[in-house]
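Breakdown of the fold
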Amino acid sequence: MAITESVPQALLPKKKRLLSLDALRGFDMFWIVSGEGIFHGLADGVMKEHALIRNPNDWTIASNGHLSFFERIFVGLSNQLHHSPWNGFTFYDLIFPLFIFISGVSMPFSYEKHLNAGNDKKKSAKAIYYALIRRTLILIFLGMVVNGLFRWEGYENTRFASVLGRIALSTFFAALIYLNFSLRKQLIWLLGILAGYYIIMIAIPVPGFGNGVLTPEGNLAAYVDRLWLPGKLHRTVYDPEGLLSTIPSIATALLGVFTGTFLNAKNSRFSLARKALYLFIAGIILVSLGLLWNPFFPVNKNMWTSSFVLVAGGFSLVLFSFFYYIIDVKTYQKWSLPFIWIGTNSILIYVCAHGLFNFESSSHFLFGGIIAKIPPDWQSAALWLGVLLIQLGILKFLYDKKWFLKV
């Protein structure tokens, strides 16, 4: 029997929250608030203990030496916790687009009530758009705060572009597309963004360089940044969170939207396990398509190329499929609690860890006596482990109190 509008909302079955999404968001954030410090410290300890030299150009070790299995993991993961200098892809390059992808996945669940509002849809739309604009402006402002806005050193020394700003803008426009267009037209938007960005980056000439030059100085996105991006550019001749390169990041969010739409589909003939499998397969296909595009439009995070969107989106899908299968399908959840604590207050811990709170000093203050007893080669890893413990302690307290920073 169909459920009608006369049934009180309180009697309708509540949808289970996607814990895997919170956990994946926390896993993603973990690396940039303390995880990279821990593994860089472990790798440095290995290098010093074995008197190995790291190649500063490609972050590989000059000699394998006689490393144990875990030592190789520490060094290998540390090597992956650096952005590609220009073209290429590392695990660290995945962290930013993964967060945007996750934001996209949540949209079909967040806006479901609005899309089913019926006669109250106009009133609901007004509230939705107000909240969207408010969230976007707050994130842009917080991004500038992370960049050091309160240390004001003049307009020309202030960086206005930011990671949070790109998250705000990409998810804002992805939400507009999701709320106002059918699934078919959303797909057209995705393809149009990817193809359109490729065409303009290849076809439009940059003064002094010509067209199709994809170097740091010669690419069109960098030229647009130099012309119109206010304040200071992060990399002098371009900004990795610049104006034109924000457009393809909307496609990253849309890949998340399609994932959320697939998971939230009513009367789906697919079991949860089969959904996880299809997400995994879709991820592999996207990575393959991105790599096929790579010779013509290189995988590049700084320009956020269309091939980068596909590769990062594909790996995001693969990673999410594992989290979804383990946590929401098989319900193995206890191991993921620390990630959930981080993921449910991700913006708060990001802002605190990037300028508002000195976790390293706090770790030294609380654990300095213990750290001093550890061999010097391993003290950096111990310091950052202390940072993680402090962060988890605060975030668990906030989680238990149900205090979440909602933007």
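A brief structural summary. Just so it is clear, the model here is predicted, and its values are computed rather than measured. (Residues numbered from 1 in each chain as written. Predicted model: local features only at pLDDT ≥ 70, side-chain atom pairs only at ≥ 80, totals over all residues. Heavy atoms only, no water.)

1. Looking at unusual backbone geometry
Using the following cut-off: Working definition: helices are DSSP H or I runs of at least four residues, strands are E runs of at least two. Numbering for both runs from the N terminus. Per-residue accessibility, obtained with a 1.4 Å probe over protein chains only, is compared with the maximum for each type, and a residue is labelled buried under 20%, exposed over 50%, and partly exposed between these values.
Its identity as a non-glycine residue notwithstanding, Thr236 has a phi of 70 degrees, on the positive side. With respect to the helices, strands and loops of the structure, Thr236 is situated in the loop between α8 (220-228) and α9 (247-263). The class for Thr236 is exposed, based on a relative accessible area of 67%. Residues other than glycine seldom take positive phi values, yet Trp304 does so here, at roughly 50 degrees. On the secondary structure map, Trp304 appears in the loop between α10 (272-293) and α11 (306-329). Given the relative accessible area of 0%, Trp304 is considered buried.

2. Notes on empty space enclosed by the protein
Put simply, the rule is: Buriedness of a pocket was judged along seven lines, with at least five required to meet protein on both sides within 12 Å; pockets are open sets of points on a 1 Å grid over the protein atoms alone, cavities are sets where a 1.4 Å probe fits but cannot get out, and lining residues have an atom within 4 Å of a point. Grid points are joined across faces, edges and corners, and a volume is the space filled by probe spheres set on the points. When residue character is reported, Ala, Val, Leu, Ile, Met, Phe, Trp, Tyr, Cys and Pro are called nonpolar, Asp, Glu, Lys and Arg charged, and the others, Gly included, polar.
By the definition in use, this model includes 1 cavity of 30 Å³ or more. Taken together, Trp86, Asn219, Ala221, Ala222, Asp225, Tyr238, Asp239, Ser245, Asn302 and Met303 make up the full set of residues lining the largest cavity. Classifying every residue of the lining of the largest cavity gives 5 nonpolar, 3 polar and 2 charged.

3. Overview of α11
Formally: How far a helix is expected to stretch is found by multiplying one less than its residue total by 1.5 Å.
An ideal rise of 1.5 Å per residue puts 34 Å on 24 residues; α11 measures up with 32 Å between its terminal C-alpha atoms. Among the 24 residues that make up α11, 19 are buried, leaving the element largely enclosed by the rest of the structure. Once α11 ends, the next one or two residues include Thr331, with phi positive near 55 degrees.

4. Brief notes about the nonpolar core
Keep this limit in mind: By convention a nonpolar core is built from buried Ala, Val, Leu, Ile, Met, Phe, Trp, Tyr and Cys residues, the set being connected through side-chain atoms within 4.5 Å. We call two residues contacting when some pair of their heavy atoms lies within 4.5 Å.
Grouped together as the largest cluster of nonpolar side chains are 96 residues, with contacts concentrated most on Leu164, Met201, Leu254 and Phe320. Top element by residues in this core is helix α1 (residues 19-49). It accounts for 12 residues. Ignoring any residue separated from it by four or fewer positions in sequence, one finds Leu254 in contact with Ala174, Ile177, Gln186, Trp189, Leu190 and Ile193.

5. Structural notes on the packing of aromatic side chains
Put simply, the rule reads: Within 6.5 Å between ring centres, the rings of Phe, Tyr and Trp (the latter by its six-membered ring) count as paired, and their orientation is classed by plane angle as stacked under 30 degrees, edge-to-face over 60, tilted in between. Consider the ring centre and the ring normal. A charge sits over the ring if Lys NZ or Arg CZ is within 6 Å of that centre and within 35 degrees of that normal.
Going through the model one piece at a time under the given rule, you end up with 33 aromatic pairs. Between Phe27 and Phe339 the ring centres are 5.5 Å apart and the planes differ by 85 degrees, which places this aromatic pair in the edge-to-face class. Placement of Phe27 in helix α1 and of Phe339 in helix α12 (residues 337-343) is noted, with a sequence separation of 312 residues between them. Each member of the pair Phe27 and Phe339 is classed as buried. Measuring from centroid to centroid gives 5.2 Å for Phe96 and Trp304, while their planes differ by 80 degrees, and the two rings are edge-to-face. Of the two residues, Phe96 sits in helix α3 (residues 91-110) while Trp304 sits in the loop between α10 and α11, which places them 208 residues apart along the sequence. For Phe96, a relative accessible area of 7% translates into the label buried. It is Lys275 that lies over the ring of Phe262; its NZ or CZ is 5.8 Å from the centre.

Shape descriptors only; they carry no functional weight alone.
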